[in-house]
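# Structural features, examined
Here is how the chains run, residue by residue.
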Amino acid sequence: MNYEFFIAKRIIGSKAYKSSISAPIIKIGIVAIAIGIVVMMIAIATGIGLQQKIRDKVVAFNGHITISNYDSNNSQESLVPISKNQEFYPEFKSVEGIDHIQGVASKFGVIRTETDFEGVYLKGVGSDYNWKYFKEFLIDGRLPEFTGKRNEDVLISEYLANRLKFKVGDSFQMVFAKDDPEKLPNIITYNVVGIYSSGFQDLDAQYIIGDIRHLQRINRWENDQIGNFEVFINDYSELEQKGREIYQNTPSTFNTQTVTDKYYSIFEWIKIFDKNIFGIIGIMILVAGINMITALLVLILERTQMIGILKAMGSSNWSIRKLFLYNASYLILLGLFWGNLIGLGLLFAQKYFKLFPLDPSVYYVTEAPVYINFGYVFALNIGTLVLCLLMLLIPSYIITKISPVKAIRFQ
């Protein structure tokens, strides 16, 4: 029989224990554990959630990897066309893990209305375009359809629609300048069929999406010519590796660029979230551990006579230390229970009811996104329990210094 566990259970269940001098300190220790686990859970869920949400928004406009002509000079506008007649299109068979590849082109133009104007890029897409991301962004109207005849339907962002006072069904003129400034510009009348909002204001303010065949006609390209390819991969963690593989399996005249390289500052910024998460976890575990150390020391001092009696009866120092560590484990588990209950409750409330909005001009999202995975929740709980118990091993060493004779006479 594990008598240390038996005695620990009796101590925990006794009424004297719950009304003792140490009771308030024990409650503070439990609250510290609960608050710590709540804060750590929120830090991880919102940190990873923000990283994934921002990453997905950027990928929606760019793809994971772009393949362009070296002569494009990193311009957002498609300058030098690429033929779609490539070995890697429409399926990239030479590289595993490729989900989709599509041909697009971009051209700068000016939206002109009776009272206002706005400079934006028209992103031309075709029948191979994957609308998966924009289905989530769509807030009004429908997505354009470019599988049939060339048409003037466009998808515009909510940001631009509000600035220009557009709504679904409205029409507007877009002016595209020619290379020769003395020649009259190209003017196309577009129809707004859908309004989207990615929450990424920097990109929403730049792009409207329309038929690539208009840009082919304006640029005098062939029907099989595009500005660049956008490649989507299955596993984001393999981005750098797949970028190198794609570069090695494309013609020498083509350049490849990963989304992290193209939007370097954004991805460097979201990497800071990892440091913040680890910092918060470290501080919370330290605070919780210190509170539990205090609670354990008070428990030991309060039960000095019991320690002396157990030693006099032949109990080893390690057995008595185990008794108090069992007691501390119960307190930690109690704190973890309430922390998980409150923490998961807040996270699910945010996920489904969007309680906490964010400024999209700062965070690129309209509400705090949360990433809930029971794998990290389990690891967080086990890690907290183990680290707190390891921290408690040191103060429990004081038990070895207690003399049985003095302890029994201790008042």
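Residues numbered from 1 in each chain as written. Predicted model: local features only at pLDDT ≥ 70, side-chain atom pairs only at ≥ 80, totals over all residues. Heavy atoms only, no water.

## Details of the environment of leucine 333
Within the secondary structure, leucine 333 sits in helix 12 (residues 317–353). Leucine 333 gets classed as partly exposed once you look at its relative accessible area, which sits at 46%. C-alpha separation for the pair leucine 333 and lysine 354, spaced 21 residues apart in sequence, amounts to 30 Å. (Helix = DSSP H or I, 4+ residues; strand = E, 2+ residues; numbered from the N terminus. Buried < 20%, exposed > 50% of the residue type's maximum accessible area, 1.4 Å probe, protein only.)

## Some details on the packing of aromatic side chains
Within the structure shown, the criterion is met by 23 aromatic pairs. Plain terms: the ring middles of phenylalanine 61 and tyrosine 196 are 6.2 Å apart, the flat faces sit at 55° to each other, and that makes the pair tilted. One end of the pair, phenylalanine 61, is in helix 3 (residues 23–62); the other, tyrosine 196, is in strand 8 (residues 186–196), and 135 residues separate them in sequence. When sorted by exposure, phenylalanine 61 lands in the same class as tyrosine 196, which is buried. Connected via pairs of aromatic rings, a cluster forms that spans Phe61, Phe108, Tyr121, Tyr129, Trp131, Phe134, Phe137, Phe146, Tyr196 and Tyr207. In this structure, arginine 55 packs its charged tip against the face of tyrosine 236, placed 4.1 Å from the ring centre. (Phe/Tyr/Trp six-rings, centres within 6.5 Å; stacked < 30°, edge-to-face > 60°. Lys NZ or Arg CZ within 6 Å of the ring centre and 35° of its normal.)

## Digging into the side chain of glutamine 51
Mapped onto the secondary structure, glutamine 51 falls in helix 3. At 3.1 Å, the side chain of glutamine 51 forms a polar contact with the side chain of aspartate 274. With residues up to four places along the chain from it excluded, the contact list for glutamine 51 reads Ile270, Lys271, Phe273 and Asp274. (Polar contact = N/O pair within 3.5 Å; in protein donor to acceptor, adjacent residues only side chain to side chain. Contact = heavy atoms within 4.5 Å.)

## Structural notes on the pattern of salt bridges
Inspection of every chain in the model, using the stated rule, returns 10 salt bridges. For the salt bridge of glutamate 77 with lysine 107, the shortest nitrogen-to-oxygen distance reads 3.3 Å. Taken together, the residues glutamate 77 in the loop between strand 1 (65–69) and strand 2 (82–83) and lysine 107 in strand 3 (residues 98–112) connect sequence positions 30 residues apart. Each member of the pair, glutamate 77 together with lysine 107, is buried. Across the pair aspartate 153 and arginine 142 runs a salt bridge whose closest N-O atoms are separated by 3.1 Å. (Salt bridge = Lys/Arg side-chain N within 4 Å of Asp/Glu carboxyl O.)

## Things to note about the packing of helix 3 against helix 10 (residues 264–302)
The relative placement of two packed helices comes down to the angle between their axes together with the axis-to-axis distance. Packing of helix 3 against helix 10 brings their axes to within 9 Å, and their N-to-C directions diverge by 170°. Judged by the inter-axis angle, helix 3 sits roughly antiparallel to helix 10. Classifying every residue of the contact of helix 3 with helix 10 gives 28 nonpolar, six polar and three charged. (Axes fitted to C-alpha atoms, helices over the stretch in contact; angles between N-to-C directions. Parallel < 35°, antiparallel > 145°, perpendicular 65-115°, else oblique. Nonpolar A, V, L, I, M, F, W, Y, C, P; charged D, E, K, R; others polar.)

## Digging into the pairing of strand 6 (residues 153–157)
Two faces make up the sheet, and in a regular strand the side chains alternate between them. Within strand 6, five of the five residues are buried, which leaves the element mostly enclosed by the surrounding structure. Taking every second residue as pointing to the same face, both faces of strand 6 are buried, with Asp153, Leu155 and Ser157 on one and Val154 and Ile156 on the other. When strand 6 meets strand 8, the two strands line up parallel, connected through five bridges. The partner of leucine 155 across the bridge, within strand 8, is glycine 194. (Pairing = 2+ DSSP bridges.)

## Let's talk about the packing of helix 10 against helix 14 (residues 374–396)
Closest axis-to-axis distance for the helix 10/helix 14 pair is 9 Å, and the angle between their directions is 45°. Here helix 10 is positioned oblique relative to helix 14, judged by the angle of their axes. Once helix 10 is placed against helix 14, the crossing between them reads as right-handed. In contact with Ile281, Ile285, Leu286, Ala288, Gly289, Ile290, Met292, Ile293, Leu296, Leu297 and Ile300 of helix 10, helix 14 contributes Leu380, Thr384, Leu387, Cys388, Met391, Leu392, Pro395 and Ser396. Residues belonging to the contact of helix 10 with helix 14 are distributed by class as follows: 16 nonpolar, three polar and no charged. (Left-handed = near helix turned anticlockwise from the far one by under 90°.)

## Notes on the nonpolar core
By size, the foremost hydrophobic cluster in this structure holds 69 residues, and its most contacted members are Trp131, Phe134, Phe172, Met174 and Ile208. Examining the composition of this core, we find that six residues originate from one element, helix 3, more than from any other. Filtering out sequence-adjacent residues up to four positions away, isoleucine 208 remains in contact with Ile111, Val120, Tyr121, Leu122, Lys123, Leu155, Ile156, Leu160, Phe172 and Met174. Of all hydrophobic cores here, the second largest spans 43 residues; its members include Val38, Ile277, Leu310 and Ala328. (Core = buried A, V, L, I, M, F, W, Y, C linked by side-chain atoms within 4.5 Å.)

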